[in-house]
Amino acid sequence: MMKRRSFIEKATLGTIGIGAVLSCKKNTETNDEGMAANRSPSGIKPLIISTWNHGLPANEETWKQLKQGNNTLDAIEAGMKIPEADPKVRSVGYGGYPDKEGKVTLDACIMDHESNCGSVSFLQGIKHPISIAKRVLQNTPHVMLSGKGALQFALSQGFTEENLLTQEAEKDWKKWLKKSKYQPVINMENHDTISMLVIDKDGNLSGGCTTSGAAWKMHGRVGDSPIIGAGLFLDNEVGAAAATGLGEAVIRTAGSAMVVELMRQGKSPYDACKEIVERIYNKHKNHRDMKHLQVGFIAVNKKGEHAGYSLRSGFNYAVYDEEIGNRMEDASFKMSWKK
């Protein structure tokens, strides 16, 4: 199983001003039949599925909260706060890589089975954006707050502003800065989101997403993670989906919403994820982002069936259920990275 960091080294993403350097790697199409086991999950409830290795400790805490009888949104918040507070996770919360101006800016969203949702984007100085997103859902008439308004709201809710740029992240940023010279060219990037989907014992769906976004991004850039319908979407009658990878590509295709809509039409989570990845590939195969493009989805339906699928190899996700416990699963993929 490929580790998340190994994947990130291979799947760094490229956009104007927010690009990636990927040395000596080429892609080739690959047959995904070898990972067909992901198509026939157990369907056990409750179930938690979340992206990347940092999904394991997040799943553990979320599961613990559910077993203690806490509601699903509180459980998701508690679980996602684990990677948000971990300075070793360089793509989420405290310790996340900053933008090109050296500022750590955070995005998050959360959604419940009644389609209530809350979101924050371009939030600075607050360690736990998932908590602010939940309070937007609970305590405001809005879905999204952004920038200074999101910070003002967080402070009004009793949260404390703090410096999220660790010494390690600042050191890496300064090293990058010497080479970049603030030029609007393709820059290096290392990042990825944690997205989580939960189906509870009663079959109700909820989800959340949190990230520090693309490293060295332009100040003010917001990806798909806080956007309901792009980075996360669910319909309690159908299923839930969440994305990881280059946010711009997911936004262009309303990726997670489209996965759910395909499940509404009767497709399995696997087939729905795969079809939207194919759609993203077809729309981007001649795009400037294609050289370094990586996008992946996780999905779960009302039966508790789950799957993951990505454009390029290396995407994995954490799954927790009563029967097997907490473990990593490799996603099937369309293309592989090769030296």
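Residues numbered from 1 in each chain as written. Predicted model: local features only at pLDDT ≥ 70, side-chain atom pairs only at ≥ 80, totals over all residues. Heavy atoms only, no water.

A. Spatial organisation of the pattern of salt bridges. Summed over the entire model, instances satisfying the criterion amount to 17 salt bridges. Where Lys134 meets Asp74, a salt bridge forms, and the shortest distance between an N and an O atom there is 2.5 Å. Pair noted here: Lys134 is in helix α4 (residues 129-139) and Asp74 is in helix α3 (residues 72-85), with a separation of 60 residues, a long-range link. Residue classification places Lys134 among the buried positions, given a relative accessible area of 5%. Arg327 serves as the salt-bridge partner of Asp321, at 3.2 Å between the closest nitrogen and oxygen. Neither Asp321 nor Arg327 differs from the other in exposure class; each is buried. Each of Asp74, Glu77, Lys134 and Arg135 takes part in salt bridges that share partners, so that together they form one network. (Salt bridge = Lys/Arg side-chain N within 4 Å of Asp/Glu carboxyl O. Helix = DSSP H or I, 4+ residues; strand = E, 2+ residues; numbered from the N terminus. Buried < 20%, exposed > 50% of the residue type's maximum accessible area, 1.4 Å probe, protein only.)

B. Helix α2 (residues 55-67), seen in detail. For α2, which comprises 13 residues, the first-to-last C-alpha distance of 18 Å matches the rise-based estimate of 18 Å (1.5 Å per residue) to within 8%. Within α2, the full set of buried residues consists of Gly55, Ala58, Asn59, Glu61, Thr62, Trp63, Gln65 and Leu66. Looking at the buried residues of α2, the elements they touch are β2 (47-51), α3, β6 (194-199), β12 (316-321) and β13 (325-330). After α2 finishes, the residue Gly69 shows a positive phi value of roughly 90°. (Expected span 1.5 Å × (residues − 1). Contact = heavy atoms within 4.5 Å.)

C. Inspection of the nonpolar core at higher detail. In terms of nonpolar packing, the biggest core is built from 49 residues, with Leu197, Val259, Leu293 and Phe297 touching the most fellow members. No other element matches the seven residues that helix α9 (residues 269-284) contributes to this core. Of all hydrophobic cores here, the second largest spans 29 residues; its members include Ile48, Ala58, Ile194 and Tyr320. (Core = buried A, V, L, I, M, F, W, Y, C linked by side-chain atoms within 4.5 Å.)

D. Inspection of the packing of α4 against helix α5 (residues 147-156) at higher detail. Where α4 contacts α5, the two axes come as close as 10 Å, and the packing angle between them is 80°. By the angle class used here, α4 and α5 are roughly perpendicular. Between α4 and α5, the residues in contact are Ile132, Arg135, Val136 and Asn139 and Ala150, Phe153 and Ala154, respectively. (Axes fitted to C-alpha atoms, helices over the stretch in contact; angles between N-to-C directions. Parallel < 35°, antiparallel > 145°, perpendicular 65-115°, else oblique.)

E. Up close: the environment of Lys302. Structurally, Lys302 is set in the loop between β10 (295-301) and β11 (306-312). A relative accessible area of 25% means that Lys302 is categorised as partly exposed. On a C-alpha basis, the gap between Lys302 and Met263 in space is 9.7 Å, while along the polypeptide they are 39 residues apart. Side-chain polar atoms of Lys302 contact the backbone oxygen of Gly203, separated by 2.7 Å. (Polar contact = N/O pair within 3.5 Å; in protein donor to acceptor, adjacent residues only side chain to side chain.)

F. Main features of the packing of α3 against α4. The N-to-C vectors of α3 and α4 enclose an angle of 155°; their axes lie 8 Å apart at closest approach. It follows that α3 is roughly antiparallel to α4 by the angle criterion. Within the contact between the two elements, α3 uses Leu73, Asp74, Glu77, Met80, Lys81 and Glu84 and α4 uses Pro129, Ile130, Ser131, Lys134, Arg135 and Leu137. Residue classes in the contact of α3 with α4 are distributed as five nonpolar, one polar and six charged. (Nonpolar A, V, L, I, M, F, W, Y, C, P; charged D, E, K, R; others polar.)

G. Local environment of the packing of aromatic side chains. Applying the stated criterion across every chain, the model contains six aromatic pairs. Taking the centre distance of 5.2 Å and the plane angle of 65° together, the rings of Trp52 and Phe315 count as edge-to-face. Of this pair, Trp52 sits in the loop between β2 and α2 while Phe315 sits in the loop between β11 and β12, and the two are 263 residues apart along the sequence. Take Trp52: its relative accessible area is 0%, and that puts it in the buried class. For the ring pair Trp176 and Trp216, a centre distance of 5.5 Å and an interplane angle of 15° mean the geometry is stacked. (Phe/Tyr/Trp six-rings, centres within 6.5 Å; stacked < 30°, edge-to-face > 60°.)

H. A look at the environment of Gly207. Following the sequence through the fold, Gly207 ends up in strand β7 (residues 205-211). For the pair formed by Gly207 and Leu234, sequence separation is 27 residues and the distance between their alpha carbons is 7.6 Å. Those residues in contact with Gly207 that sit more than four places away from it in its chain are Ile76, Cys109, Ile110, Met111, Met196, Leu197, Leu232 and Leu234.

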